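# Commentary on secondary and tertiary structure
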Amino acid sequence: MSAVTLHVGYAVPRAGIPSSASFRRWVEAALRGAKRRKATELSIRIVGADEGRALNRDYRGKDYATNVLSFEAGLPPELKLPLIGDMVICAPVVAREAAEQGKRVRDHWAHLTVHGTLHLLGYDHIVATEAEAMEALETRILAGLGIADPYA
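Residues numbered from 1 in each chain as written. Predicted model: local features only at pLDDT ≥ 70, side-chain atom pairs only at ≥ 80, totals over all residues. Heavy atoms only, no water.

## Topic: helix H1 (residues 20-33)
Inclusion rule: Each helix is a run of H or I in the DSSP string that is no shorter than four residues. Each strand is a run of E no shorter than two, and both are numbered from the N terminus. Take the residue count of a helix, subtract one, and multiply by 1.5 Å to get its expected span. Whether two residues touch is decided by their heavy atoms; if any such pair falls within 4.5 Å, the residues are in contact.
When the terminal C-alpha atoms of H1 are compared, their 20 Å separation across 14 residues agrees well with the 20 Å that a helix rising 1.5 Å per residue should span. Considering only its buried residues, H1 is in contact with strand E1 (4-10), strand E2 (40-47), strand E4 (83-90), helix H4 (105-120) and helix H5 (128-144).

Spelled out as structure tokens, the structure:
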């Protein structure tokens, strides 16, 4: 696999939040699973509920904090830059969802990182057939990381 440049920013206290090395491992797994072989650059920002809510409201018109937001770079192809975009993960939502769903918190962080990375690569889940394909790919990638099917 080609080089991955990953920038991780923490807008919340880092206690209980995975390390940048963990995020790198999960992003690399998603890129391998999606068969991306080109150099890739992205950023992940870990936020609290207020910032997560504001971003979800401003960019998606939904007035609540969501677990992960992905912002594709959308660069003109002639630029030939490795940047695929930015991802925002809301720490308190991850913790709450993991507890509600009976999942290990670390596994949920991994799932959302893989999910967000796939969005940055153009995968989506609006249409049922695309959702099935994306979920199947996520499940395979996570299995490779020793993580159970998040949709089971």
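## What about the sheet that holds strand E3 (residues 68-72)?
Picture the strands of a sheet paired through backbone hydrogen bonds; they go either parallel or antiparallel. What counts is decided by this rule: Between any two strands, at least two bridges found by DSSP are needed for them to pair. In this analysis, axes come from line fits to C-alpha atoms, helices being fitted only over the stretch in contact, and the angle between any two N-to-C directions falls in the range 0 to 180 degrees.
Within the open sheet, the four strands sit side by side as E1-E2-E4-E3. Their pairing is mixed. Only two strands of the sheet have a single partner each, and these edge strands are E1 and E3. For this sheet, the mean angle separating the axes of adjacent strands, direction not counted, is 15°. With seven bridges connecting them, E2 and E4 associate as parallel partners. Residue pairing in the sheet places Leu-42 in a bridge with Gly-85 of E4. In the packing of H1 onto the sheet, contacts are made with E1, E2 and E4, and the angle to E1 comes to roughly 135°.

## Some points on the packing of aromatic side chains
Rule in force here: When two rings of Phe, Tyr or Trp (its six-membered ring) have centres within 6.5 Å they constitute a pair, described as stacked for plane angles under 30 degrees, edge-to-face for angles over 60, and tilted for the intermediate range. Only protein chains enter the accessibility calculation, which uses a 1.4 Å probe. A residue is then buried if its area is under 20% of the maximum for its type, exposed if over 50%, and partly exposed in between. Only lysine NZ and arginine CZ atoms are considered, and such an atom sits over a ring when it is within 6 Å of the ring centre and within 35 degrees of the ring normal.
According to the stated counting rule, one finds three aromatic pairs in the structure shown. Seen in terms of ring centroids, Phe-23 and Trp-26 are 5.6 Å apart; in terms of plane orientation they differ by 85°. Their pairing is edge-to-face. With Phe-23 and Trp-26 both in helix H1 and three residues apart, this pair spans about one turn of that helix. Looking at Phe-23, the relative accessible area reads 0%, which means it is buried. Here the aromatic cluster, defined as three or more aromatic residues joined through ring pairs, consists of Phe-23, Trp-26 and Trp-109. Of note, Arg-14 hangs over the ring of Tyr-10, and the distance from its end group to the ring centre comes to 3.9 Å.

## Focus on the side chain of His-111
Note the following rule: Polar contacts here mean pairs of N or O atoms no more than 3.5 Å apart (in protein, one a potential hydrogen donor and the other a potential acceptor; neighbouring residues in sequence count only if both atoms are side-chain atoms).
Mapped onto the elements of the fold, His-111 is located in helix H4. Within polar-contact distance, the side chain of His-111 engages the side chain of Glu-138 at 2.5 Å. Among all residues touching His-111, those that are not within four sequence positions of it are Glu-138, Leu-142, Pro-150 and Tyr-151.

## Describing the layout of surface pockets
Rule in force here: Definitions used for this entry: grid spacing 1 Å over protein atoms alone; cavity, a set of points where a 1.4 Å probe fits but cannot get out; pocket, an open set with protein on both sides within 12 Å along at least 5 of 7 lines; lining residue, one with an atom within 4 Å of a point. Grid points are joined across faces, edges and corners, and a volume is the space filled by probe spheres set on the points. Each residue is assigned to one class: nonpolar for Ala, Val, Leu, Ile, Met, Phe, Trp, Tyr, Cys and Pro, charged for Asp, Glu, Lys and Arg, and polar for all the others, Gly among them.
If you add up the space inside the largest pocket, you get close to 490 Å³. Around the largest pocket, the lining comprises 25 residues; the ones closest to its centre are Arg-60, Val-68, His-115, His-119 and His-125. Of all elements in the fold, only helix H2 (49-60), E3, H4 and H5 reach the threshold of two or more residues within the lining of the largest pocket. The residue makeup of the lining of the largest pocket, split by class, is ten nonpolar, nine polar and six charged. Along the walls of the second largest pocket sit 16 residues, with Arg-36, Lys-38, Leu-81, Pro-82 and Leu-83 positioned nearest its centre. Residue composition of the lining of the second largest pocket, grouped by class: eleven nonpolar, one polar and four charged.

## A closer look at the nonpolar core
This is how the line gets drawn: Only buried residues count toward a nonpolar core, which is a set of Ala, Val, Leu, Ile, Met, Phe, Trp, Tyr and Cys residues joined through side-chain atoms within 4.5 Å.
If you look at the biggest cluster of nonpolar residues, it comprises 33 residues, and the most contacted ones within it are Ile-17, Phe-23, Leu-42, Ile-44, Ile-46, Ile-89 and Trp-109. Going through the elements one at a time, E1, H1, E2, E4, helix H3 (91-101), H4 and H5 are the ones with two or more residues in this core. The contacts of Ile-89, once residues within four sequence positions are left out, are Phe-23, Ile-44, Arg-45, Ile-46, Val-47, Asn-67, Val-68, Val-94, Trp-109 and Thr-113. Among the nonpolar cores identified, the runner-up in size contains seven residues, and Ala-65, Leu-69, Val-88 and Val-93 belong to it.

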